[in-house]
Amino acid sequence: MMRRRTRILLGLAIALAVIGGGYLFANERPLLVPVVTPEEDVAVRVYGLGTVEARIVSKVGFEVGAALTELAADNGDTVRKGRILARLDSAEQEAKVLRAKADLAAAEAGVGKSEAVIVRTKAVLAQREAANARQQELVGRSAISTQTAEEAQRDVNIAAADLAVAQSELDVGKARVADARAALAFETVQLEHHVLKAPFDAVVVERHSEAGTVVHAGDTIFTLMDPRTVWTLAYIDEERAGSLAIGQIAEIRLRSLPHEVFSGSVSRIGIESDRVNEERRVWITCDVCPPTAFLGEQAEVWITVAELPNALLVPETAIEGFNGHQGLVWAVRGGKLSKVPLLFGHRTEDARAEVESGLANGAEIVSAPVKGLTEGRLARATGGSEQ
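First things first, this report covers the structure right here in the doc. (Residues numbered from 1 in each chain as written. Predicted model: local features only at pLDDT ≥ 70, side-chain atom pairs only at ≥ 80, totals over all residues. Heavy atoms only, no water.)

A separate point is the pairing of strand E19 (residues 352-357). Bridging between strand E16 (residues 313-315) and E19 involves three bridges; their strand directions are antiparallel. Following the sheet pairing, Pro 315 is matched in E19 by Arg 352. One ladder, built from three bridges, connects strand E18 (residues 336-347) with E19; its direction is antiparallel. Residue Phe 344 lies in a different strand from E19, and its bridge partner there is Val 355. Connecting the antiparallel pair E18 and E19 is a turn made up of four residues, with Ala 351 showing a positive phi of about 65°. (Pairing = 2+ DSSP bridges. Helix = DSSP H or I, 4+ residues; strand = E, 2+ residues; numbered from the N terminus.)

With that settled, consider the environment of Leu 88. Here Leu 88 shows up in strand E6 (residues 84-88). The sequence separation of Leu 88 and Leu 68 amounts to 20 residues, and the corresponding C-alpha distance is 4.6 Å.

Looking now at the pattern of salt bridges. Enumeration according to the criterion identifies 15 salt bridges in this entry. Arg 352 is the partner of Glu 39 in a salt bridge, and the nearest nitrogen-oxygen pair spans 2.5 Å. In this pair, Glu 39 sits in strand E2 (residues 39-54) while Arg 352 sits in strand E19, placing the two residues 313 residues apart along the sequence. You can call Glu 39 partly exposed: its relative accessible area is 25%. (Salt bridge = Lys/Arg side-chain N within 4 Å of Asp/Glu carboxyl O. Buried < 20%, exposed > 50% of the residue type's maximum accessible area, 1.4 Å probe, protein only.)

In total, this model carries one disulfide according to the counting rule given. There is a disulfide in this structure between Cys 286 and Cys 289, and the S-S distance comes to 1.7 Å. The disulfide joining Cys 286 to Cys 289 has a torsion of about 85° about its S-S bond and is therefore right-handed. Accessibility expressed as a relative area gives 14% for Cys 286, which makes it buried. (Disulfide = S-S within 2.5 Å.)

Take the sheet that holds strand E17 (residues 326-333) next. Spatially, five strands are ordered E16-E19-E18-E17-E20 in an open sheet, and the strand pairing comes out antiparallel. Two strands in the sheet have a free side with no partner beyond their single neighbour: E16 and strand E20 (364-365). Where E17 lies against E18, eight bridges are found, and the strand directions are antiparallel. In the sheet register, Val 332 faces E18, and the bridge partner there is Leu 337.

What follows is about the side chain of Thr 232. Looking at where Thr 232 falls in the secondary structure, it is placed in strand E11 (residues 230-237). The residues touching Thr 232, leaving out its near neighbours within four places in the chain, are Thr 51, Ile 252, Val 282, Trp 283, Ile 284, Ala 299 and Val 301. (Contact = heavy atoms within 4.5 Å.)

Another aspect to go through is the packing of aromatic side chains. In total, this model carries three aromatic pairs according to the counting rule given. Ring geometry for Phe 322 versus Phe 344: centroids 5.5 Å apart, planes at 85°, classification edge-to-face. A residue pair is termed long-range when its members are at least 10 positions apart, and Phe 322 in the loop between E16 and E17 and Phe 344 in strand E18 qualify at 22 residues. In this structure, Arg 253 is placed above the aromatic ring of Trp 302, and the distance from its NZ or CZ to the ring centre is 5.0 Å. Note that Arg 268 overlies the ring of Trp 283, its terminal NZ or CZ placed 5.4 Å from the centroid. (Phe/Tyr/Trp six-rings, centres within 6.5 Å; stacked < 30°, edge-to-face > 60°. Lys NZ or Arg CZ within 6 Å of the ring centre and 35° of its normal.)

This part is about a nonpolar patch on the surface. Among the surface-exposed residues, Val 57, Val 205 and Leu 295 lie close enough to one another that they form a single nonpolar patch of about 190 Å² accessible area. Structurally, the position occupied by Val 205 is in strand E8 (residues 202-207). (Patch = residues over 30% accessible without salt bridge, like charges linked within 9 Å, V, L, I, M, F, W, Y side chains within 5 Å. Areas by Shrake-Rupley, 256 points an atom, 1.4 Å probe, with all protein chains shown as cover.)

Once that is clear, we can look at the sheet that holds strand E7 (residues 195-197). The four strands are arranged E7-E6-E4-E9 in an open sheet whose pairing can be described as antiparallel. The open sheet has two free edges, formed respectively by E7 and strand E9 (214-215), since each of these has just one partner strand. In this structure, strand E4 (residues 66-71) lies alongside E9, joined through two bridges in antiparallel fashion. What sits directly across from Ala 66, in E9, is Val 215.

Bridge count for strand E12 (residues 249-254) against strand E13 (residues 257-269) is five bridges, and the pairing is antiparallel. When the sheet's bridge partners are listed, Ile 249 is paired in E13 with Ser 265.

A few words on the nonpolar core. Counting 28 residues, the largest nonpolar core has Ile 236, Leu 244, Ile 252, Ile 284 and Ile 303 as its most contacted members. Every element with two or more residues in this core is listed here: E2, E11, E12, E13, strand E14 (279-286) and strand E15 (298-311). Considering every element that reaches this core, the biggest residue donor is E15, with seven residues. What Leu 244 contacts, discounting residues up to four positions off in sequence, is Val 46, Ile 236, Ile 269, Val 282, Ile 303 and Val 305. Counting residues in each nonpolar core, the second largest holds 20 residues, with Ala 86, Phe 200, Val 204 and Ile 221 among its members. (Core = buried A, V, L, I, M, F, W, Y, C linked by side-chain atoms within 4.5 Å.)

What follows is the structure, given as C-alpha cells:
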C-alpha cells in the first residue's frame, strides 16, 4: 500500500514537472518574430480615383432666336475655329438690314441737300452784303434815303440767319446719318448672329438640337471641348494629400485602356476639399495623352510625392494607436521585446509608414503581430538585419 502511494505521488510529481517545463518552454524560449528591413530608393505615391475632364468645355448657341435651317456638325466632329456650325432662318433679319440701308441712303441724301442749301444761302448772303455795302455808301452821300439803307441791312441779317439755319439742318442731317449707320451696323450684327461659328479649335461633344427646331436666344446647340486642355480630375484622401505639390509626376490608367500607362504631372490642386467625402481635388495634365479623350471616363491616378533614398517602412497593421503621425510598435533590442513609441513620416500606397524618429540604435521593429508578444520576453529576429 505504501509503495503504491509512493508511485502515485511520484507520477503526479513527474506530470507537474512536465507541465511546468512545457509552460516554461512555451513562454520563456526566444520567440521568432519577423522584423522590418531597410529599403533603398523608395517612391512614395498616393492613389486617387477620378475622371477624364477638359479645362475648356463650352456650351454654345445663338444670341438670337429663330428656326434652325442648317446644322453642319455632329457628335465627335473636329472643327476648326471659325467654321460654321449652324444657321438660323434669316429672311426677316435680312429685310431689316435692307431697310436700315435705305434709311442710311435717305439720311445721306438729306445731308447732300443741306450742303446744297448752304452753298445757295452763302451765295445769297454774299450778294446782299455787296448790295448793302453800296447802299450804305450812297446813304452816306445822301443819294438814297435812310429807309432804303436800313432795308439793305435787314436783307443781310435775314440771309445770315438763313445760313445759320441751313448749317443747323446740315448738323441734324449728319446726326441722322450717324444714327442710320449705327442702326445698319446693329442690324448687320444681328444678321451675323444667325450664323453660329466655332469659337476655337474643338471637338463636338454633343449636338443638342436638330434642323427645324425653333430655338431661343441662349439655348445650347452644341457642347464643344478643346482637346488640348484634356486633363484628369482625381480625388485624393485628405490623410494622404499633405505632400501634394504642383509639378509632381503622376501616372494615369484609364478604365478603357487598363494595360496602358499615361504619364503626366500635377497642374492644379483644389483650394476647397470635398466636405462630405473628405477628399482633395487634384488636376493632372498628361504629357502623353490617349489619341481620343472621353469625358467622364473613370481613371486611376498614382502621384509620386517623394523619393526616399533610405527608408524603414512599417506596415500600419503593426502600429498600435496609429493616428497618421505617431504610434506604438513592438521592437527587439538586446534579444528582448518591448513597446516603443515612434514618429512616422510618409505613408506608402501599400499602407506602410516611414519611421522618422524614436527608434534606438540596434533595435529592430516587429513587422507583423505574432502570438505571444509580451514585454520583456526573449525574442529572435527572422528575415531582418540590424539597423
